[in-house]
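Read off the chains here:
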Amino acid sequence: MSWKEAAEPVLTRLPAVKRPTGHVPFKRKLGWTAGVLVLYFFLTNVGIYGLGQNSDIFGQFRTILAGSQGSILQVGIGPIVTASIVLQLLGGADLLGLNTEENPRDQALYQGLQKMLVIVMTVLTGLPMVFAGFLQPSQSIATSLGVSTSVLGWIMFAQIFVGGMLILYMDEIISKWGVGSGIGLFIIAGVSQRLIGGFVAWSGLGAGYVGFFPRWYGILTGDVEMGPVLTQTGLFDLFLGPGELLALITTILIFGVVVYAESVRVEIPLSHARVKGARGRFPVKLIYASVLPMILVRALQANVQFLGRILNAQWTGMPAWLGDYAGTEQGFAEPTGGLFYYLAPIYSPNDWMWWLGETAAAPWQIMLRVGVDLTFMIVGGGIFAVFWVETTGMGPRATAEQIQRSGMQIPGFRQSPGVTEKVLERYIPQVTVIGGALVGILAVMANMLGTIGQVTGTGLLLTVSITYKLYEEIAEEQLMEMHPMMRQMFGD
């Protein structure tokens, strides 16, 4: 008996959101998307009952893993992304033996396996948060309920697990009934909230933090002190201190670079085999796989740092070569030496500008850490981009079959999926790797320079690109709504 036959009764019976049987009107899709987004913001403000002291184990990765510290959406999209990493690696190595492009049974098994892995990852993520000391039960609440802190801990874990399942099914609702993807929507929501706060907040986002515009109002009125502009101290205050001009320049630059990169493409001409004069183009964009594979790379780094913080909390005699940790103002431990230090990504200018005196690491250690981060993001971005393209039906074979079904063909070539596939193989694999590596470089550079609102460069990069993709999808939906014949030609 194969693993598919053994697992099918379980995987195909997991609760799922019903897929629409026909075309969903655009206004209804917008309604579902807006409703889920409002529910997401509501749930991020529902605290975990029984929670006492806590620290965010995700640390700087919180902006790309969505959710909210101390709420029932504590785990965010972490379990979904981790499950995707496992399936991407297994699928890329062809260990699953599933044909998700043509076999409906294998498609159902793949979706059920993904959902089962999300459930497992939610448990494996939530348990250490509660029982490793990162989310400590309140002694006073336990006493008022007449239970021990251990029992209260299980109550807290149950709330975290329910929150993880809500995130899973909200993502499924968006995928089937809404516009875009739930994962992308939640990242946009979280990063946009922090970005707007970083511009206009009068307080919050940390002790004494004030947004960019209120801070400059204070600078202009003399309430915020800065050194003379033409001195070294003044330049530091202007670009890295209260002026935060470097973060503003980086934020604007990321917007411009991502929008430009999204417009760079190789266009393959197409013509309709039966309708004379009907022509089109298939665009192979520079960022062909989008930036979603970058979530997988950063999530892999987040899981490594997650493991390091657990070991630091539970292993009293952890050797220094493995990891040396120190607490931060945000309430979570950051590695200051050892293996986990070199595997940690660069978060801000203070992490690598040793001449500022904000880090105790030697220059060679900092450069090694930057090199490891760059290598991890470039290589990982390319690899996960290839896996993403192959498992989401964007590869040469799947694209050639889609073009064939639409009745289109490449002028000058025989109308055959095999011939079209060979033409697409000249472009898609190379562009996919180059685009994935480019996104990795952009993410590291943006982190090194810093951004407004402490959203991290990766979070801002993801938000801009996902928003651009969402705009394109909305425009396409409106076009299909206005011209139903196009929907019949290219598939609903």
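Only a predicted model underlies this, so the values are computations on that prediction, with no experimental measurement involved.

Colleague: Sorry, what's going on with the side chain of K176 here?
Modeller: In this structure, K176 sits in helix 7 (residues 149-177). Side-chain polar atoms of K176 contact the backbone oxygen of V17, separated by 2.6 Å. Discounting residues that sit within four places of it in the chain, K176 has contacts with V17, K18, R19 and P20.

Colleague: For this particular structure, what's the right way to read the sheet that holds strand 3 (residues 265-272)?
Modeller: Two orientations exist for strands paired in a sheet by backbone hydrogen bonds: parallel and antiparallel. Strand order in this open sheet of 3 strands is 4-3-7, and the pairing throughout is antiparallel. Lying at the two open borders of the sheet, with one neighbouring strand each, are strand 4 (279-285) and strand 7 (408-409). The pairing of strand 3 with strand 7 spans 2 bridges and is classified as antiparallel. For S271, the partnering residue across the bridge sits in strand 7 and is Q409.

Colleague: I tried to follow unusual backbone geometry on my own but got confused; where do I start?
Modeller: Most peptide bonds adopt trans geometry, and most residues besides glycine take a negative phi value. Notably, A66 is not glycine yet its phi reads approximately 55 degrees, a positive angle. For A66, the position within the fold is in the loop between helix 3 (62-65) and helix 4 (78-92). Backbone geometry places E244, a non-glycine residue, at a positive phi of 55 degrees. Residue placement: E244 occurs in the loop between helix 10 (232-239) and helix 11 (245-263).

Colleague: For this particular structure, what's the right way to read the packing of aromatic side chains?
Modeller: Any aromatic ring pair is given by two values, namely how distant the centres are and how the planes are angled relative to each other. All chains considered together, the criterion is met by 14 aromatic pairs. For the ring pair F131 and W154, a centre distance of 4.8 Å and an interplane angle of 50 degrees mean the geometry is tilted. One end of the pair, F131, is in helix 5 (residues 104-131); the other, W154, is in helix 7, with 23 residues separating them in the sequence. Judged by its relative accessible area of 37%, F131 falls in the partly exposed class. Here the aromatic cluster, defined as three or more aromatic residues joined through ring pairs, consists of F131, W154, F157 and F161.

Colleague: What am I meant to see in the pattern of salt bridges here?
Modeller: It is possible for side chains of opposite charge to pair when their charged atoms get near one another. Tallied over the entire structure, the rule returns 9 salt bridges. Where E334 meets R309, a salt bridge forms, and the shortest distance between an N and an O atom there is 3.1 Å. Of this pair, E334 sits in strand 6 (residues 333-337) while R309 is found in helix 12 (residues 292-314), placing the two residues 25 residues apart along the sequence. Assigned by exposure class, E334 and R309 land together as buried. Measuring nitrogen to oxygen at the nearest pair gives 3.9 Å for the salt bridge that ties E421 to R397. Residue E421 is found in helix 16 (residues 417-424), and its partner R397 is found in helix 15 (residues 396-405); the two are separated by 24 residues along the sequence. Residue class for E421 comes out buried when judged on its relative accessible area of 17%.

So, how was this worked out
- Residues numbered from 1 in each chain as written.
- Predicted model: local features only at pLDDT ≥ 70, side-chain atom pairs only at ≥ 80, totals over all residues.
- Heavy atoms only, no water.
- Helix = DSSP H or I, 4+ residues; strand = E, 2+ residues; numbered from the N terminus.
- Polar contact = N/O pair within 3.5 Å; in protein donor to acceptor, adjacent residues only side chain to side chain.
- Contact = heavy atoms within 4.5 Å.
- Pairing = 2+ DSSP bridges.
- Phe/Tyr/Trp six-rings, centres within 6.5 Å; stacked < 30°, edge-to-face > 60°.
- Buried < 20%, exposed > 50% of the residue type's maximum accessible area, 1.4 Å probe, protein only.
- Salt bridge = Lys/Arg side-chain N within 4 Å of Asp/Glu carboxyl O.

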